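# Architecture at a glance
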Amino acid sequence: MNNLDDQFEEFVKNLQKEIDEEESKIFSKRVIELSHSPKNWGKMENPTVEDKFLGPCGDTMQFFLKINEKDNVIMKITFITDGCGPSVASGSQLTIKAENKSIEEASKIRPNDILKVLEGLPSSHTHCPVLAVNTLDKVLKKYLESKK
Ligand code: FES
């Protein structure tokens, strides 16, 4: 590698370090961890039900659920979002909480439950777990409607 490549690599490394330091002043370790490597991220092939919700901030979230229709238990749940890092962390945390729960139990999860596990969010991002919970509520209602 030539000297210019070394300097550029060093520059990028330092820049990333600065970004990481700034991020850790604003967000908890859990938010950073889940927004960088979200659990249950992605679309699902042949879900029992899926749907998308547009939040007031203009971002969307989409959940995909595989449900055991005999006992209404969520066997698998994945999500995608075009939103911010905290929305990725919120969606991911919600999938972790909802997996293996009954529809009834999952519908009781509220934004504050997610906020608590994420150890809070800055006020500019408290609507992100609301987007996640509203989206899941919509998907669960869609499933229940389809069973009528
Ligand atoms: Fe829109 Fe976070 S800013 S979901």
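Here the structure is a predicted model, which is why all the values come from computation and not from measurement. Residue positions are given per chain, counting from 1 as you read along its sequence in written order. For a predicted model such as this one, the threshold for reporting local features is a pLDDT of at least 70, and the threshold for listing and counting side-chain atom pairs is 80 or more; totals across whole chains, interfaces and linings nevertheless cover every residue. As a rule here, side-chain values come from all non-hydrogen atoms in the structure, and water together with hydrogens is ignored.

### So, the packing of helix H2 (residues 29-36) against helix H3 (residues 85-98)
One way to put it is that H2 packs onto H3 with a least axis distance of 8 Å and a crossing angle of 90°. In terms of orientation, H2 lies roughly perpendicular with respect to H3. Across from Arg30, Val31, Leu34 and Ser35 in H2, the residues of H3 making contact are Gly85, Pro86, Val88, Ala89, Ser92, Gln93 and Ile96. Along the lines of polarity and charge, the residues of the contact of H2 with H3 split into 6 nonpolar, 4 polar and 1 charged. Note on definitions: angles span 0 to 180 degrees between N-to-C directions of axes, and those axes are lines fitted to C-alpha atoms, for helices only across the stretch in contact. The way it works is that DSSP assigns letters per residue, a run of H or I at least four long becomes a helix, a run of E at least two long becomes a strand, and they are numbered from the N terminus. Orientation labels follow simple angle bins: below 35 degrees gives roughly parallel, above 145 gives roughly antiparallel, 65 to 115 gives roughly perpendicular, and whatever is left gives oblique. Residue contacts follow a heavy-atom distance rule, with two residues in contact if any of their heavy atoms lie within 4.5 Å. Amino acids are sorted into nonpolar (Ala, Val, Leu, Ile, Met, Phe, Trp, Tyr, Cys and Pro), charged (Asp, Glu, Lys and Arg) and polar (every other residue, Gly among them).

### Regarding the side chain of Thr95
By the secondary structure assignment, Thr95 is in helix H3. A distance of 2.6 Å separates a polar atom in the side chain of Thr95 from the backbone oxygen of Ser92. Residues contacting Thr95, with those up to four places away along its chain left out, are Lys39, Asn40, Phe63, Ile77, Thr78 and Phe79. Counting of polar contacts relies on pairs of N or O atoms within 3.5 Å, with two restrictions inside protein: one atom must be capable of donating a hydrogen and the other of accepting it, and residues adjacent in sequence are counted only when both atoms are side-chain atoms.

### Comments concerning the nonpolar core
The criterion is simple. A nonpolar core is a set of buried Ala, Val, Leu, Ile, Met, Phe, Trp, Tyr and Cys residues joined through side-chain atoms within 4.5 Å. Throughout, exposure labels follow a simple rule: accessible area from a 1.4 Å probe, protein chains only, divided by the maximum for the residue type, with under 20% read as buried, over 50% as exposed, and the rest as partly exposed. Core analysis: the largest hydrophobic core is formed by 30 residues, its most contacted members being Phe63, Leu65, Ile74, Leu94 and Leu136. For this core, the secondary-structure elements that each account for two or more residues are H2, strand E2 (60-68), strand E3 (73-81), H3, helix H4 (103-106), helix H5 (111-117) and helix H6 (127-147). Looking at which element gives the most residues to this core, the answer is H6, with 7 residues.

### Side note on the packing of aromatic side chains
Only Phe, Tyr and Trp rings take part, Trp by its six-membered ring, and two of them pair if their centres are within 6.5 Å. Stacked means planes under 30 degrees apart, edge-to-face means over 60, and tilted covers everything else. A complete count under the given rule lists 3 aromatic pairs for this structure. A centroid spacing of 5.2 Å and a plane angle of 85° characterise the contact between Trp41 and Phe79, whose relative ring orientation is edge-to-face. Residue Trp41 is located in the loop between H2 and strand E1 (49-54), and its partner Phe79 is located in strand E3; the two are separated by 38 residues in the primary sequence. Of the residues examined, Trp41 reaches a relative accessible area of 43% and is grouped as partly exposed. On the accessibility criterion, Phe79 (0% relative accessible area) is buried. One aromatic cluster in this structure is built from Trp41, Phe63 and Phe79.

### Things to note about the pattern of salt bridges
Every case where a carboxyl oxygen of Asp or Glu lies within 4 Å of a side-chain nitrogen of Lys or Arg is listed as a salt bridge. According to the stated counting rule, one finds 8 salt bridges in the structure shown. Taking the shortest distance from any N to any O, the salt bridge between Glu22 and Lys25 comes out at 2.9 Å. Taken together, the residues Glu22 and Lys25, both in helix H1 (residues 3-26) and 3 residues apart, mark about one turn of the helix. Classification of Lys25 by relative accessible area gives exposed; the value is 64%. For Asp51, the salt bridge goes to Lys138, with nearest N and O atoms at 3.7 Å. Placement of the pair is Asp51 in strand E1 and Lys138 in helix H6, with a sequence separation of 87 residues. Using a relative accessible area of 19% as the deciding quantity, one classes Asp51 as buried. Ionic contacts of the salt-bridge type, sharing partners, join the residues Asp51, Lys138 and Lys142 into one network.

### Brief notes about the pairing of E2
For a regular strand, the rule is simple: side chains alternate between the two faces of the sheet. Within E2, 7 of the 9 residues are buried, which leaves the element mostly enclosed by the surrounding structure. Pairing geometry for E1 and E2, over 6 bridges, is antiparallel. Of the residues in E2, the one forming a bridge with Lys52 is Gln62. At least two bridges found by DSSP between two strands are what make those strands a pair. Here E1 hands over to E2 after 5 residues, with Gly58 in that stretch at a positive phi of 95°. Pairing geometry for E2 and E3, over 8 bridges, is antiparallel. By the bridge assignment, Ile67 is partnered in E3 with Ile74. With antiparallel pairing between neighbouring strands as the criterion, E2 and E3 make up a hairpin whose turn holds 4 residues, including Asn72 at a positive phi of roughly 55°.

From the geometry alone we can't say anything about function, so treat these as descriptive.
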